[in-house]
Amino acid sequence: MIGLFDSGIGGLTVVRALRAARPELSYVYLGDTARTPYGPKSPETIRRYSEEAVDFLKAKGAKAIIIACNTASSLAADHLRATYPELPIFDVVGPAVRMAARVSAKKNIGLIATRATVASGVYERRLKEIDSAIEIVARPAPLLVSLVEEGWIDQPETETIVGKYLAPIREADVDALILGCTHYPILKDAIARAMGEGVKLVDSAEAVVAEFCATLERDAALAASLAKDGRASYFTTDPTPAFSELGARWLGAEIVVSHATLSA
Ligand code: DGL
């Protein structure tokens, strides 16, 4: 099956896109809710947590990994590929960057992400590799992760915080905004309202699923290695009612969440 992980609930945006595209594929999801958020943590810690997540998913039978977290993708993807050369590992950054470069006519792109992702400079680097003329305005928006984990999606306070984070990006006259954290698509409506018309939102969750599915079309061996009985299992390192409730709301179906213990 496919293994996906995130620091918490945000990776369910990737799960939702995957279920919409290929409902027959089986997967196991891990949300490291006991240690969320990853965004304020050091690169070393993020790499260690990511490795523990992959060990857990491998033990559950994962034959391919989708890093359903921008922070882990930015800081740990290369490390994970070197550590598990036998596992195909997909990260969200590359697909989001390629999609943003495609949709931005002005070559002026905004990015909101966690502090660790912004500080890594990975998005800027990858966008400049595609086209050195691209300008990027990047801002960390760390509170959005807590708001989503708390289930504060429609509250007026959320609208205010989103507006405040996005003000400098709106002023920079971008025509595309990368949602560089998999938690953020859950706040897509508020983000779209704050950015106004004419700004395309690039959802890293949808971008990675589109590239993953395209890879399956090309890679028959990988496609054959994946179970196709639509089984889904969900684990968190600290099961909370908020995860199950928001997960069910977001995915449109009840989910059963089991407790995962990660070993260092
Ligand atoms: N969903 C995450 C991301 O894509 C993690 C956010 C966090 O834990 O700070 O970056």
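Note: the structure precedes this text.
First, a word on scope: everything that follows refers to the structure included in this document. Every value quoted in this text rests on a predicted model; they were computed, and no experiment measured them. (Residues numbered from 1 in each chain as written. Predicted model: local features only at pLDDT ≥ 70, side-chain atom pairs only at ≥ 80, totals over all residues. Heavy atoms only, no water.)

Taking strand neighbours across the sheet as the criterion, the four strands line up as 6-5-7-8 in an open arrangement whose pairing is parallel. The two strands at the open ends of the sheet, each matched to only one other strand, are strand 6 (135-140) and strand 8 (200-203). The mean inter-strand angle of the sheet, taken between neighbouring strand axes irrespective of direction, is 20°. Where strand 5 (residues 108-113) and strand 7 (residues 176-180) come together, five bridges link them in parallel fashion. Looking at the pairing, leucine 111 lines up with isoleucine 178 of strand 7. Relative to strand 8, helix 4 (residues 93-103) is tilted by about 160°, and along the sheet it contacts strand 5, strand 7 and strand 8. (Pairing = 2+ DSSP bridges. Helix = DSSP H or I, 4+ residues; strand = E, 2+ residues; numbered from the N terminus. Axes fitted to C-alpha atoms, helices over the stretch in contact; angles between N-to-C directions. Contact = heavy atoms within 4.5 Å.)

Evaluation of the coordinates by the stated rule reveals 15 salt bridges. Glutamate 86 is the partner of lysine 58 in a salt bridge, and the nearest nitrogen-oxygen pair spans 2.8 Å. Note that lysine 58 is positioned in helix 2 (residues 43-59) and glutamate 86 in the loop between helix 3 (70-83) and strand 4 (89-91), a separation of 28 residues in sequence. Given the relative accessible area of 36%, lysine 58 is considered partly exposed. Measuring nitrogen to oxygen at the nearest pair gives 2.7 Å for the salt bridge that ties glutamate 159 to arginine 193. Here glutamate 159, found in helix 8 (residues 156-171), pairs with arginine 193, found in helix 9 (residues 188-195); they are 34 residues apart in sequence, far enough to count as distant. One salt-bridge network, held together by shared partners, links Arg22, Glu24 and Glu217. (Salt bridge = Lys/Arg side-chain N within 4 Å of Asp/Glu carboxyl O. Buried < 20%, exposed > 50% of the residue type's maximum accessible area, 1.4 Å probe, protein only.)

Two cysteines form a disulfide when their sulfur atoms are joined by a covalent bond. Going through the model one piece at a time under the given rule, you end up with zero disulfides. With no disulfide of its own, cysteine 181 lies closest to cysteine 69 among cysteine sulfurs, the gap being 6.8 Å. In this structure cysteine 181 comes out as buried when scored by relative accessible area, which is 5%. (Disulfide = S-S within 2.5 Å.)

Within a sheet, each strand pairs with its neighbour through backbone hydrogen bonds, oriented either parallel or antiparallel. An order of 4-3-1-2-9-10 is seen for the six strands of this open sheet, with the pairing classed as parallel. The sheet terminates laterally at strand 4 and strand 10 (257-259), the two strands that pair on one side only. Across the sheet, the axes of successive neighbouring strands diverge by a mean angle of 25°, strand direction being ignored. In terms of strand pairing, strand 1 (residues 2-6) meets strand 3 (residues 64-67) through four bridges, oriented parallel. The residue of strand 3 that forms the bridge with glycine 3 is isoleucine 65.

Residues in contact with the ligand amount to 14 residues; listed here are only the nearest, Ser7, Tyr38, Asn70, Thr71 and His183. Contacts to the ligand include aspartate 6, whose side-chain N or O atom sits 2.8 Å from a nitrogen atom. Between an oxygen atom of the ligand and a side-chain N or O atom of serine 7, the distance comes to 2.5 Å. When isolated, the ligand has an accessible area of 300 Å², and the protein chains bury 99% of it. (Near = heavy atom within 4 Å. Polar contact = N/O pair within 3.5 Å; in protein donor to acceptor, adjacent residues only side chain to side chain. Areas by Shrake-Rupley, 256 points an atom, 1.4 Å probe, with all protein chains shown as cover.)

With that out of the way, let us pick up helix 3. Spanning 14 residues, helix 3 covers 19 Å between terminal C-alpha atoms, matching the ideal 20 Å at 1.5 Å per step. Considering bend angle alone, the principal kink of helix 3 is centred on alanine 76 and spans about 65°. Within helix 3, the full set of buried residues consists of Asn70, Thr71, Ala72, Ser73, Ser74, Leu75, Ala76, Ala77 and Leu80. (Expected span 1.5 Å × (residues − 1). Bend = angle between axes of the 7 residues up to and from the residue.)

Here we take up unusual backbone geometry. A cis amide bond links threonine 36 to the next residue, proline 37, at an omega of 0°. A positive phi angle, close to 55°, is found at lysine 107, a residue other than glycine. Tracing the backbone through its elements, the reader meets lysine 107 in the loop between helix 4 and strand 5. Classification of lysine 107 by relative accessible area gives partly exposed; the value is 35%. In this structure, aspartate 173 takes a positive phi of about 65° despite not being glycine. With respect to the secondary-structure elements, aspartate 173 resides in the loop between helix 8 and strand 7. Owing to a relative accessible area of 46%, aspartate 173 belongs among the partly exposed residues under this scheme.

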